[in-house]
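Topology and contacts: notes
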Amino acid sequence: MSRDAILAAVRAYQGDERPLPAIPAFESESHDALLARFKAALGQVGGRWVERTGGRDLAEIIRSHYPDAASIVSAVDEPPSSTLAIAADTAPAELVRVELAVLRGRLGVAENAAVWVDEAQLLHRALPFVAEHCVLLLDPGDLVTDMHAAYAALAGRRSGWGAFISGPSKTADIEQSLVIGAQGPRTLLVVLDEPGRSLRTRAG
Amino acid sequence: MNPETHATAATSFLRDAERTGWHDQALWFVRQKRDLAAHAVPEWETLRDLASAIKRHTVSRLAQYLEEFERRAADNGVVAHWARDAAEHNAVVLGILRGRGVRRLVKSKSMLTEECRLNPFLERNGVEVVETDLGERIVQLAGEEPSHIVMPAIHRKKEEVAALFHRTLGTREDPDPVYLAEAARRHLRGLMASADAALTGVNFAVAETGAMVVCTNEGNADVGAHLAPVHIASMGLDKVIPRTEHLGVFLRLLARSATGQPVTAYTSHFVTPRPGAELHVVIVDNGRTAQLGRPDFRESLHCIRCGACLNTCPVYRRSGGHSYGVTVAGPIGAIVAPGLDLAAHASLPFASTLCGSCADVCPVKIDIPGQLYRWRQVAVAGGQVSWRKRLGMRLLGATLASVSRYERAGRLVRLLLRRAPGVIGHPALDPWSRSRELPPAPKESFREWYRRERGAR
Amino acid sequence: MNGRVALFVPCYVDQLYPQVARATLELLDRHGVGVEFPPEQTCCGQPMANAGCERDALETARGFVRTFAGYDYVVSPSGSCVHHVRHHYDVLEQTDEVREVRARTFELCQFLVEVLKVEDPGVAFPHRVGVHVGCHAQRGLRLGESSELGGRPGGVMRVLLERVRGIELVELDRFDECCGFGGTFCVTEETVSVRMGQDRVSDHARHGAEVITSGDMSCLMHMDGIIRRQRLPIRVLHVAEILNGGTV
């Protein structure tokens, strides 16, 4: 059996055990500094942010940024509501028609503007990718400093699939010219909620 | 054995001096972006040390971590397959596809599958393969191999891409990268939405959870994998890491080293199949256990395929990936390929000045120059260099081991340089003289002067 | 200073660039070092070893150890030779003698700065000078901080040159890119080697260097070959020659 042959070879050749290092904690920062860094990083990766202050409607924010979006799918439990019904068994041909996806981010990483989204917050795994545009709702209280802190914060969270999303899709494969909008969304907007405002998604 | 392989190919590449300058500058630009990103992280060197130690530990307990990964993946509903070599990998993939009547497979970037020559094999067996990474799609449509592990089409100018797309996709011949990327987007999204299966590589396989992490900027791996009913993930057995927390270290290093970005746009963690879909992983050896068995070269298995060494290598930048004649080119290629086939790739460890730039940018601190030096000894001991060179070095060694022989030889060399520069220095006969003047030929060596002036001996 | 100091002259410097060895000798003399030149020396063995023939270099390497055993310092105007002794003599049986010679072999500028603690070379050189730091000195011996690690032009050679009166050190686009000599690489991969050398020379020329200096004559030999073929108005001088009060 190939499996046994391979593992036998690995066991024979792997040599003496070398120690596994412990990962130290690196310097963290104040909440304000985290937020400032996150915003700067998001701009650097081609994304945009908007602060939701004064009880502003999410629907109104989205309308002002995406006035022409006709097909919207929202996995967030407040308006705007979806114009397309998406579920786990929706056909690909339907999914690629989504113009705007509105999703909740579980946490954000200041060093690289990565926002964690996983199955618990989605109607379909393809949603953050097939939509032409993507909006992520994020509580600034859920910002962490770096990837180590992010994984620590996510520990114990069981999910069949999840991803860090940092800005819109992009490519520089043609003569190193950066083009925003490759196979995934063309734009990414992070809506920074009022701190502490608790919202639950439809999917939990 | 063809010890001139890289040198000959490089000479062809260099014939177009201007294009070489363009290629060199394009890659140097990426190196500079890497520098900015790396130097902005105060703990960068600590991260490199950690990454190196984590890989070293993992490789020393590889069997245990592979078994743990397989167990967890199975618990998650992932079907694991093992392949000893390229042929077996390809047969396994075809078997999965045939069993489900797959006609079209979409693929995101995987150097492993390039190594296994999967695409031509599948095409021969009636499966249409669509590369969905833009750079890979470009080289696929052009009928060539990628020249760089991260930027497959870095050797192609935008005018060439415009002509290619015009010919194959029917676009207008417009070299604007925005127009061309848009054309590719429309072309590829349709294909991804109608694919019967998707295949991705794996950047990191986490033993603790069975998760497979795939990093892209384009989102193509995810579009393909989340829409198709079958997702196959192909991974080299060196991709496994012990725990989720280790991802923090590697992900902070990977994109910064590769392109100068703080992270790729998408870092996707596949744990379970999508409800109603299938998820397979193919764990591939293909020479990795053999390399594991070479203590001098085992460290090359730490590689996380970031491409930083290619970008910084002054030789790679001026000769291009294709001149190496292997799937993974550049400095890392030069220490991996001889392990796969010493006879075929003996010239690669010599395609270097041992300048050490690669080692300084490597996120996992592989001592590439040290391994290049050792591979040279192995190549010579294995009879993989020309008899002329062997003889020349033996003579040189004998000459330099004796003061009298050395002094006589030195006088002779200076005499020839002075009296018969046309003999030594003929551009057609002497490679040095093609583009360089010969060194001067002083009448007196230093030691002759010293004896005369300082009266020693 | 205390201790016996020996001068190791690289084989090709001995034969082709004796003035560099003379300048090194005189420079050390001027700084109060009674330096000896053991006549049994030949070569460090690097040419064979780098070509994959370290077995053919063994006798030469053993000869090096025998020649320089017993000295407190072995100084050489060559980063690449010193790197070879320090890093690749692990192929020899590690007797006390071998270990000592390896640890006591110094590159010239390193010796001047770290052992002799020279701060002011006490010379003038009123010219625009491009500094080429050889890769074995830079990344091999860590005599300067590499650009990959966030370093700027610096290191022991530059520290000395900055104190030379009237000197103007030019800024380069790629201050520590390899010149392309690389030992037998210079002929086995001739086209790449030449292109690398031409690019290095262009960088210096573009920034107005009248003189290119280095701690490694091998790099300079290769760049000088290109300079003279292209008939550029640039001279090459080993750093020892400048620090010894040399002129163009």
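Not measured: the values here are computed from a predicted model.

Rules behind the numbers
- Sequence order sets the numbering: in each chain, residues are counted from 1 along the sequence as written.
- Lettering for chains starts from A, numbering for ligands starts from 1, and both go in the order in which the items are written.
- Note on the predicted model: pLDDT of at least 70 is required for a residue's local features to be given, and 80 or more for side-chain atom pairs to be given and counted; whole-chain, interface and lining totals, by contrast, use all residues.
- Strands here mean DSSP runs of E at least two residues long; helices mean DSSP runs of H or I at least four residues long; both are numbered from the N terminus.
- For the exposure call, what matters is how many other C-beta atoms sit within 10 Å of a residue's own: 20 or more marks it buried, 12 or fewer exposed, and in between partly exposed, using C-beta atoms placed from the backbone.
- The contact rule is simple: place each C-beta atom from the backbone, and if two of them lie within 7 Å, those residues are in contact.
- The globule rule used here is 2.2 Å times the number of residues to the 0.38 power, and the radius of gyration it is set against is calculated over C-alpha atoms.
- Strands are labelled as partners when DSSP assigns at least two bridges between them.
- For helices, the fitted line uses only the C-alpha atoms of the stretch in contact; every axis is such a line through C-alpha atoms, and the angle between N-to-C directions lies from 0 to 180 degrees.
- As used here, a nonpolar core is made of buried Ala, Val, Leu, Ile, Met, Phe, Trp, Tyr and Cys residues. They are joined through C-beta atoms within 7 Å.
- Residues are grouped as follows: Ala, Val, Leu, Ile, Met, Phe, Trp, Tyr, Cys and Pro are nonpolar; Asp, Glu, Lys and Arg are charged; all remaining types, including Gly, are polar.
- Where each domain begins and ends follows an automated or database-derived domain assignment.
- Every residue carries a pLDDT, the predictor's confidence in it, which falls somewhere between 0 and 100.
- A helix is expected to span 1.5 Å multiplied by its residue count minus one.

1. Regarding the overall build of chain A
Counting its regular elements, chain A contains six helices and 11 strands. Dimensions along the principal axes, computed over C-alpha positions, put chain A at roughly 65 × 45 × 45 Å. Evaluated residue by residue, chain A yields a buried proportion of 47% over its 204 residues. For chain A, long-range pairs separated by at least 24 residues make up 76% of all intrachain contacts whose partners lie at least 6 apart in sequence.

2. A short note on the overall build of chain C
Helix and strand counts for chain C stand at 13 helices and eight strands. Over its C-alpha trace chain C gives a radius of gyration of 17 Å, about what one expects of a compact globule, namely 18 Å for 248 residues. Taken over the C-alpha atoms alone, chain C extends approximately 50 × 40 × 35 Å along its principal axes. Taken across its 248 residues, chain C has 61% of its residues classed as buried.

3. Some remarks on the sheet that holds strand β3 (residues 128–131) of chain B
Residues and elements named next belong to chain B. Pairing in this open sheet of six strands is parallel, and the strands run β1-β10-β7-β4-β2-β3 from one edge to the other. What marks the edges here is a single partner per strand, and that holds for β1 (79–83) and β3. This sheet shows a mean twist of 25° between the axes of neighbouring strands, independent of strand direction. Note: strand β2 (residues 104–107) against β3, four bridges, orientation parallel. When the bridges of β3 are listed, K107 appears paired with E131. Helix α5 (residues 86–99) contacts β1, β2, β4 (197–200), β7 (230–236) and β10 (278–284) of the sheet and is inclined by roughly 170° relative to β10.

4. Here's the deal with the nonpolar core
Within the largest apolar cluster, 282 residues are counted, with the highest numbers of intra-cluster contacts made by A101(A), L103(A), L127(A), V135(A), L136(A), A197(B) and F250(B). The element contributing the most residues to this core is helix α12 (residues 244–258) of chain B, with eight residues. Those residues within four positions of F250(B) in sequence are excluded, and the remaining contacts are A51(B), F204(B), I241(B) and I304(B).

5. Re the interface of chain B and chain A
Taken together, the contacts link 72 residues of chain B with 60 residues of chain A. Partitioned by chemical class, the residues of the side of chain B that touches chain A number 38 nonpolar, 18 polar and 16 charged. With five bridges joining them, strand β8 (residues 161–165) of chain A and strand β9 (residues 266–270) of chain B adopt antiparallel strand pairing. When the bridges of β9(B) are listed, I165(A) appears paired with Y266(B).

6. Side note on the interface of chain C and chain B
At the junction of the two partners, chain C supplies 56 residues and chain B supplies 55 residues. Where the side of chain C that touches chain B is concerned, the elements lending two or more residues are α1 (11–16), α2 (18–30), α3 (46–50), α4 (58–68), α8 (135–140), α10 (185–188), α11 (190–206) and α12 (217–229) of chain C. In terms of residue class, the side of chain C that touches chain B is made up of 26 nonpolar, 16 polar and 14 charged.

7. Looking at the domain arrangement of chain C
All names here are of chain C. Segmentation of chain C into domains returns domain 1 (5–115) and domain 2 (128–243). Computed from C-alpha coordinates alone, the two centres of domain 1 and domain 2 are separated by 21 Å. Listed by partner, the interface residues are 26 residues for domain 1 and 21 residues for domain 2. Contributions of two or more residues to the side of domain 1 that touches domain 2 are made by α1, α2, α3, α5 (79–88) and α7 (108–115). A total of six residues in the side of domain 1 that touches domain 2 trace back to one element, the largest contributor, which is α5. Classifying every residue of the side of domain 1 that touches domain 2 by side-chain character gives 15 nonpolar, nine polar and two charged.

8. Digging into the confidence of the model for chain A
Considering every residue of chain A, the mean pLDDT works out to 92; 96% of them sit at 70 or more. Across residues 199–204 of chain A the pLDDT falls below 50, and counting only partners more than four positions away or on other chains, this stretch makes 17 contacts in the model.

9. Remarks on the sheet that holds strand β8 (residues 235–238) of chain C
Within a sheet, neighbouring strands are paired by backbone hydrogen bonds and run either parallel or antiparallel to one another. Residue and element names in this part refer to chain C. Strand order in the open sheet formed by four strands is β6-β5-β7-β8, and the pairing between neighbours is parallel. Pairing within the sheet leaves two strands with one partner each, and these edge strands are β6 (168–169) and β8. Two elements, strand β5 (residues 128–132) and strand β7 (residues 211–214), share four bridges in a ladder whose sense is parallel. Directly across from V129, in β7, lies its bridge partner V211. The strands touched by helix α9 (residues 155–162) within the sheet are β5 and β6, with β5 carrying the most contacts at an inclination of about 165°. In the packing of α12 onto the sheet, the strands contacted are β5, β7 and β8, and the crossing angle to β8 comes to about 170°.

10. Description of the environment of V13(C)
Structurally, V13(C) can be placed in helix α1. Residue classification places V13(C) among the buried residues on the basis of 26 C-beta atoms within 10 Å. Taking the C-alpha atoms as reference points, V13(C) and M217(C), 204 residues apart in sequence, are found 7.1 Å from one another. Among residues more than four places away in sequence, those in contact with V13(C) are F446(B), V20(C), A21(C), P77(C), S78(C) and M217(C).

11. A look at unusual backbone geometry
P80(A) follows P79(A) through a cis peptide bond whose omega is 10°. Within the secondary structure layout, P80(A) lies in the loop between β2 (72–74) and α4 (92–95). The backbone of K365(B) sits at a positive phi, close to 55°, despite the residue not being glycine. Taking the number of C-beta atoms within 10 Å as the measure of exposure, K365(B) has 20 and is therefore buried. Not every positive phi belongs to a glycine, and R142(C) is a case in point at roughly 55°. When you line up the elements, R142(C) lands in the loop between α8 and α9. Of the residues examined, R142(C) has 14 C-beta atoms within 10 Å and is grouped as partly exposed.

12. Structural notes on the pairing of strand β3 (residues 73–76) of chain C
Consecutive residues of a regular strand have side chains that alternate between opposite faces of the sheet. Residue and element names in this part refer to chain C. Pairing of strand β1 (residues 5–7) with β3, which is carried by three bridges, proceeds in the parallel orientation. Following the sheet pairing, L7 is matched in β3 by V75. Where β3 lies against strand β4 (residues 105–107), three bridges are found, and the strand directions are parallel. Paired with V75 across the two strands is F106, which belongs to β4.

13. Overview of α12(C)
One turn of an α-helix holds 3.6 residues; hence residues three or four places apart share an orientation. Residue and element names in this part refer to chain C. If you check α12, its first and last C-alpha atoms are 18 Å apart, about what 13 residues at 1.5 Å a residue would give, namely 18 Å. Within α12, 11 of the 13 residues are buried, which leaves it mostly tucked inside the rest of the structure. By the burial criterion, the buried members of α12 are M217, S218, C219, L220, M221, H222, M223, D224, G225, I226 and I227. R231 occupies a position one or two residues after α12 and carries a positive phi of about 55°.

14. Some points on the confidence of the model for chain C
The predicted model of chain C has a mean per-residue pLDDT of 97, with 100% of residues at 70 or higher. Across the interfaces of the predicted complex, the ipTM metric reaches 0.97, alongside a pTM of 0.96.

15. Some remarks on the pairing of β10(B)
All names here are of chain B. Extensive coverage of β10 is indicated by the burial of six of its seven residues. In this sheet, β10 lies alongside β1 in parallel orientation, the contact comprising five bridges. Bridging from a neighbouring strand, W82 pairs with I283 of β10. By the bridge criterion, seven bridges tie β7 to β10 in an arrangement that is parallel. What sits directly across from V230, in β10, is E278.

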